[in-house]
Amino acid sequence: MKRLSLPRLYVIVDADVAERHGWTVSTLGAAYLDGGATLLQLRCRHRRTGECLAWADELVVRAMRYDARVVINDRADVARLSGAAGVHLGQEDLRVDAVRALAGPDIVIGLSTHTSAQLDRARAETVDYTAVGPVYGSETKRTGYAPVGLDLVRAAVTRDPTRAVVAIGGITLDRVPDVVAAGATSVAVITDLLRGGDPERNVRAYVDRLAK
């Protein structure tokens, strides 16, 4: 990212996943920040705009106390209204230039990629980071793509060494060393941070492992 330093741990707060594990977006986001997360992505697809905006507003204000930042999945309008630092786009979402027009020229934009061809197209876009996945099999989000493995992570790094690469999909604490060795700038984690019902402790474990 040019305007937002990308930390080693990229935490995704998925509203549906949070509810399935007995958490609200607000309490889960707070636990992650208490554990040392400095970047949260809010994912609230298929939710009402007002509901997403209320969550985004709360997370952005809370994150400021930790010198942390918030990225909104898909919703450029919610990012602009809440003052979030960035927007993360999928292959089916708005075009990058449309997001910058809506959310402002300084908004940080990330783009999900799942194939070699998508990586090539992403190089021509003015995005600040590229997400690659699912690296491993994932039950959290149905992307329609088979696991890409670490080879696509390596390809993303090789094709554009100046752009940050976020690895996502099925990442666990034990897999972190391999993912980092493949060249990923950051690892994005959803489900594994809820393991054992202690997300704050799990974030600390990831931060410690990634620091090594």
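Refer to the structure printed above.
Reference entry: report on the structure contained in this document. Given the structure is predicted, the values throughout are model-derived calculations rather than measurements. (Residues numbered from 1 in each chain as written. Predicted model: local features only at pLDDT ≥ 70, side-chain atom pairs only at ≥ 80, totals over all residues. Heavy atoms only, no water.)

## Brief notes about empty space enclosed by the protein
Here's step 1: A full pass over the atoms with the stated rule returns 1 cavity of 30 Å³ or more.
Here's step 2: Quantified by volume, the largest cavity comes out at close to 70 Å³.
Here's step 3: Lining the largest cavity are Leu-119, Ala-122, Arg-123, Thr-130, Ala-156, Arg-159, Asp-160, Arg-163 and Val-165.
Here's step 4: Ranked by residue count, the leading element in the lining of the largest cavity is helix 6 (residues 116-123), at 3 residues.
Here's step 5: A breakdown of the residues in the lining of the largest cavity according to their chemical character gives 4 nonpolar, 1 polar and 4 charged. (1 Å grid on protein atoms, 1.4 Å probe; cavity = no way out; pocket = protein on both sides within 12 Å on 5 of 7 lines; lining within 4 Å. Points joined across faces, edges and corners; volume = space filled by probe spheres on them. Helix = DSSP H or I, 4+ residues; strand = E, 2+ residues; numbered from the N terminus. Nonpolar A, V, L, I, M, F, W, Y, C, P; charged D, E, K, R; others polar.)

## Let's talk about helix 2 (residues 25-35)
Here's step 1: The buried fraction of helix 2 amounts to 9 of the 11 residues, a majority that puts the element mostly inside the structure.
Here's step 2: Looking at helix 2, one finds that the buried residues are Val-25, Ser-26, Leu-28, Gly-29, Ala-30, Ala-31, Tyr-32, Leu-33 and Gly-35.
Here's step 3: Elements that come into contact with the buried residues of helix 2 comprise strand 1 (9-14), helix 1 (15-20), strand 2 (39-43), helix 3 (49-65) and helix 9 (199-211).
Here's step 4: Positive backbone phi, at 115°, marks Gly-36, one or two positions downstream of helix 2. (Buried < 20%, exposed > 50% of the residue type's maximum accessible area, 1.4 Å probe, protein only. Contact = heavy atoms within 4.5 Å.)

## Some thoughts on the packing of helix 2 against helix 9
Here's step 1: As a packed pair, helix 2 and helix 9 sit with axes 7 Å apart at the nearest point and diverge in direction by 40°. For the element pair helix 2 and helix 9, the recorded crossing hand is right-handed. Residue-level contacts link Leu-28, Ala-31, Tyr-32, Asp-34 and Gly-35 of helix 2 to Pro-199, Glu-200, Val-203 and Arg-204 of helix 9.
Here's step 2: Grouping the amino acids of the contact of helix 2 with helix 9 by side-chain chemistry returns 5 nonpolar, 1 polar and 3 charged. (Axes fitted to C-alpha atoms, helices over the stretch in contact; angles between N-to-C directions. Left-handed = near helix turned anticlockwise from the far one by under 90°.)

## Considerations on the state of the cysteines
Every disulfide links exactly two cysteines, by a covalent bond between their sulfur atoms.
Here's step 1: Tallied over the full model, the rule gives 1 disulfide.
Here's step 2: Cys-44 shares a disulfide with Cys-52; S-S distance 2.4 Å. Measuring the twist about the S-S bond at about 140°, one finds the Cys-44-Cys-52 disulfide to be right-handed. Per residue, the accessibility class of Cys-44 equals that of Cys-52, and both read buried. (Disulfide = S-S within 2.5 Å.)

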